[in-house]
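# Structural overview
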Amino acid sequence: MSTAQSLLESRPASVAHLFLSRVAATPGREAYRYPVADGDGASGAEVWRSLTWAQTAERVHAIAAGLLALGLRPEERVAVSSSTRIEWILADLGVMCAGAAATAVYPTTNADETAYILADSDSRAIFAEDVTQLEKVVAHKGDLPSLRHVVLFDAPAELPRAEGLEILTLAELEKRGAALLAERPDAVEAAVRAIGADQLATLIYTSGTTGRPKGARLVHDCWSYQAFAQEASGLLLPEDVQFLWLPLSHVFGNALIAGQVRTGSVIVVDGRIDRIVTNLPVVRPTVMASAPRIFEKVYNGIAAKARAEGGATYRIFLWAARVARDYARTGQASMVATGRRKVPLLLTVQHAVADRLVYGKIRAAFGGALRGSASGSAALAADIGYFFAGAGVPVLEGYGLTETSAAVTVNPADDCRVGTVGRPLPGTEVRIAEDGEILLRGPGVMRGYHNLPEQTAEVLESDGWFHTGDIGEVDKDGYVRITDRKKDLFKTSGGKYVAPTEIESRFKAVCPFVSNILVIGNGRNFCTALIALDESVVLPWAEANGLAGRTYAEVVASPEAHAMVDGYVRTVNGELQRWQTIKKFSLLPRDLDIEHGELTPSLKVKRPVVERTYAEAIEAMYEGAREA
């Protein structure tokens, strides 16, 4: 039996069991680090505080006991609606150790959909970040007869009142828990001992690009499996310092917490997106999970800064970027062919020079200690992946879904292959159906959609195979490649199939100004595209090209911007088959965003919403047109 298999088979019923074991094993070791205001906070200064595993356990036990004091029973749902912060983690662990089940709610979710999730999950209590989240609940209390308790992380001096709701602070809940533990010291341990592997642990609602979200039923064994699979795959190591800023309402964040509890590594938690760049040199993480959009923005920002400095600086950057890609691509090709990473001497020398001039600064911006950054939720453009790999900041693309409790495949740090999503985690099986769809089976797969037996039957076979809806392939070494979403593939009126994601990824790789792109063409006689530019990058370009002082909307409406983007479109078209080429495009007056419903909270594009919003622009591109 392999070491990985032995690890997996020894896993306990739940992460709650793992948590108690972790605390017992390393009580004095640092577990979490988080920012707090320095003094009265008036100056805006912050300091970092830490919790040891023993200190974490004290708070988690108090929260778990507080929930028991409120009358929560096994598998009853407790929602959490908050940005990523230390209290989110403590609350989630508390819910787990009480034997209840967490319902994750994005804090950006509107009041109507928040109410739908709370009602569908039959949540009895909710941890709400602040009064803003509370107001969503109060507005729909009439539709939430089961909801009785609201626990606020950030509470005003005088707690608000709402009919039918008990509103209390997190400190008050912990105080109630402490009182219960004074009477029954083993209350939490008893609750943990009673947890079974197939007991509901979490309901996470798919952000879904169409229709109402569906609640994936993830049992305790899903998270216990994730914890051990991450350790066995080397994704997380005991000595790691992980910078966690991803939304914890997303399945990936939950999975990373499970892995951290198993390995005993450190999590530095701060969900403020605008603080990422500032935090990285301070945190100096060894691992970090991210989304492709972050790396695209970082790359575009680096390129824009070099372009603005002009002259030799820009030429050096372009040369260094090419060397990084060539170095990474050549090394990967030799690894695939021979099992050894071998690069020609001249390219090695060029890479060493570029490292001193450029790459070292890029690594320093990430903190200087990063051994890898896991990336998921969407495809990363290959050229960007090769750039960061060559610069010494490997982006370890992985693949997973809400329905699989996050990762099912991941690229290993010692044999990362750009353009793939890596190999299956130990214990997970991958099969390609006759139509190219990726099927998955393993302990991480959900037990079904909550209250939706028909939809469950559509994707989950009786023998455990889950239909992902993604199209892909597996190479001879077991690496998985995603080619497109099954539902996103379309056929032109000429009968040719087009994978829009492939074209979009190619465009993002060559155009440093793009933020989002949507390729259109289903049932049409040619392909077009809706393109949104990155305001932070295109406005400096505009200033340098005679468009200073204009707004973003004015810049993208200009002939100069259209001509600039057209150059990149022509470049991409030169790499495509005739029926794939973008014949026309429209620059959007603003970027896509969550607030307008065009992006999911995990930054996936909701194609139907975007196509409805910009229906006129789409029709204008096809009006009176014939295929060239």
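Let me sum up the structure you'll find in this document. Small disclaimer: the values here were computed from a predicted structure and weren't measured.

## Comments concerning the overall build of the protein
Secondary structure summary: the protein contains 22 helices and 25 strands in total. The C-alpha atoms of the protein give 25 Å as radius of gyration, which agrees with the globular expectation for 628 residues (25 Å, within 12%). Each of the three principal axes of the protein carries a C-alpha extent, and together these read 75 × 60 × 55 Å. The buried share among the 628 residues of the protein stands at 54%.

## Description of the packing of helix α3 (residues 53-69) against helix α7 (residues 170-183)
Following both chains from N to C, one finds α3 and α7 inclined at 85°, their axes separated by 7 Å at the closest point. With respect to α7, the axis of α3 lies roughly perpendicular. Each of Arg-59, His-61, Ala-62, Ile-63, Ala-65, Gly-66, Leu-67, Leu-68 and Ala-69 in α3 lies in contact with α7, whose residues at this interface are Leu-170, Leu-173, Glu-174, Arg-176, Gly-177, Leu-180 and Leu-181.

## Details of the sheet that holds strand β12 (residues 287-290)
Ordered by their spatial adjacency, nine strands build an open sheet running β2-β1-β11-β10-β12-β13-β14-β15-β16, and the pairing between neighbours is mixed. At either end of the open sheet lies a strand with only one pairing partner, and these are β2 (46-52) and β16 (423-424). Note that strand β10 (residues 241-244) and strand β11 (residues 266-269) share four bridges and pair parallel. In the strand pairing of β11, Gln-242 is matched with Ile-267.

## Details of the environment of Ala-352
Following the sequence through the fold, Ala-352 ends up in helix α14 (residues 345-365). Ala-352 gets classed as partly exposed once you look at its relative accessible area, which sits at 36%.

## A few points about the state of the cysteines
Applying the stated criterion to the full structure yields zero disulfides. The closest cysteine sulfur to the non-disulfide-bonded Cys-97 is located on Cys-222, 17 Å from its own sulfur. Residue classification places Cys-97 among the buried positions, given a relative accessible area of 1%.

## Brief notes about helix α13 (residues 311-338)
In this model, α13 (28 residues) spans 41 Å end to end at C-alpha, consistent with the 40 Å of a helix rising 1.5 Å per residue. Among the residues of α13, those classed as buried are Phe-317, Ala-320, Ala-321, Val-323, Ala-324, Arg-325, Ala-328, Gly-331, Gln-332, Ser-334 and Met-335. Buried positions along α13 lie against α12 (292-309), α14 and α15 (382-390). Directly after α13, the chain includes Gly-339, whose backbone phi takes a positive value near 85°.

## So, the pattern of salt bridges
Per the stated rule, a full pass over the model turns up 35 salt bridges. With a closest N to O distance of 2.7 Å, Arg-371 and Asp-240 form a salt bridge. You can see Arg-371 sitting in the loop between α14 and β13 (372-375) and its partner Asp-240 sitting in the loop between α9 (220-233) and β10, a full 131 residues away along the chain. With a closest N to O distance of 2.8 Å, Arg-417 and Asp-477 form a salt bridge. Remark: Asp-477 occurs in the loop between β19 (466-474) and β20 (480-485) and Arg-417 occurs in the loop between β15 (406-410) and β16; sequence separation between them is 60 residues. Because the salt bridges share partners, they merge into one network encompassing Glu-46, Asp-270, Arg-272 and Arg-275.

## A few points about the nonpolar core
Ranked by internal contacts, the top residues of the largest apolar core, which has 127 residues, are Tyr-32, Leu-67, Phe-127, Trp-223 and Phe-388. In contact with Trp-223, other than residues within four places in its own chain, are Val-15, Met-96, Ala-201, Thr-202, Ile-204, Leu-218, Val-251, Asn-254, Ala-255, Ala-258 and Ser-405. In terms of nonpolar packing, the next biggest core, distinct from the first, is built from 44 residues, Ala-304, Cys-511, Leu-530 and Val-572 among them.

## A short note on the packing of α12 against α15
Across the interface, α12 lies against α15 with an axial gap of 11 Å and an inter-helix angle of 70°. The angle between α12 and α15 falls in the class roughly perpendicular. Listed contacts from α15 to Phe-295, Glu-296, Val-298 and Tyr-299 of α12 are Ile-384, Phe-387 and Phe-388. Looking at the contact of α12 with α15, its residues break down into six nonpolar, no polar and one charged.

## Observations concerning the pairing of strand β3 (residues 77-81)
With five of its five residues buried, β3 lies for the most part within the structure. Two elements, β3 and strand β4 (residues 101-105), share five bridges in a ladder whose sense is parallel. In the sheet register, Ala-79 faces β4, and the bridge partner there is Thr-103. On the question of chirality, the crossover connecting β3 to the parallel β4 by way of helix α4 (residues 86-97) is right-handed.

## A short note on the side chain of Thr-581
In this structure, Thr-581 sits in the loop between α20 (559-573) and β25 (582-587). On the basis of relative accessible area, Thr-581 is assigned to the buried category, the value being 10%. From its side chain, Thr-581 meets the backbone oxygen of Arg-578 in a polar contact 2.7 Å long. Here the side chain of Thr-581 touches Lys-583 through a polar contact of 2.7 Å, side chain to side chain. For Thr-581, the contacting residues outside a window of four places in its chain are Cys-527, Asn-573 and Leu-576.

## Focus on the sheet that holds β19
The antiparallel open sheet is built from four strands, whose spatial order is β17-β18-β19-β20. Strands with a single pairing partner mark the edges of an open sheet, and in this sheet they are β17 (429-432) and β20. Neighbour-to-neighbour, the strand axes of the sheet open up by a mean angle of 50°, direction not taken into account.

The rules behind the values
- Residues numbered from 1 in each chain as written.
- Predicted model: local features only at pLDDT ≥ 70, side-chain atom pairs only at ≥ 80, totals over all residues.
- Heavy atoms only, no water.
- Helix = DSSP H or I, 4+ residues; strand = E, 2+ residues; numbered from the N terminus.
- Rg over C-alpha atoms; globule rule 2.2 N^0.38 Å.
- Buried < 20%, exposed > 50% of the residue type's maximum accessible area, 1.4 Å probe, protein only.
- Axes fitted to C-alpha atoms, helices over the stretch in contact; angles between N-to-C directions.
- Parallel < 35°, antiparallel > 145°, perpendicular 65-115°, else oblique.
- Contact = heavy atoms within 4.5 Å.
- Pairing = 2+ DSSP bridges.
- Disulfide = S-S within 2.5 Å.
- Expected span 1.5 Å × (residues − 1).
- Salt bridge = Lys/Arg side-chain N within 4 Å of Asp/Glu carboxyl O.
- Core = buried A, V, L, I, M, F, W, Y, C linked by side-chain atoms within 4.5 Å.
- Nonpolar A, V, L, I, M, F, W, Y, C, P; charged D, E, K, R; others polar.
- Right-handed = clockwise from strand over helix to strand, strands pointing away.
- Polar contact = N/O pair within 3.5 Å; in protein donor to acceptor, adjacent residues only side chain to side chain.

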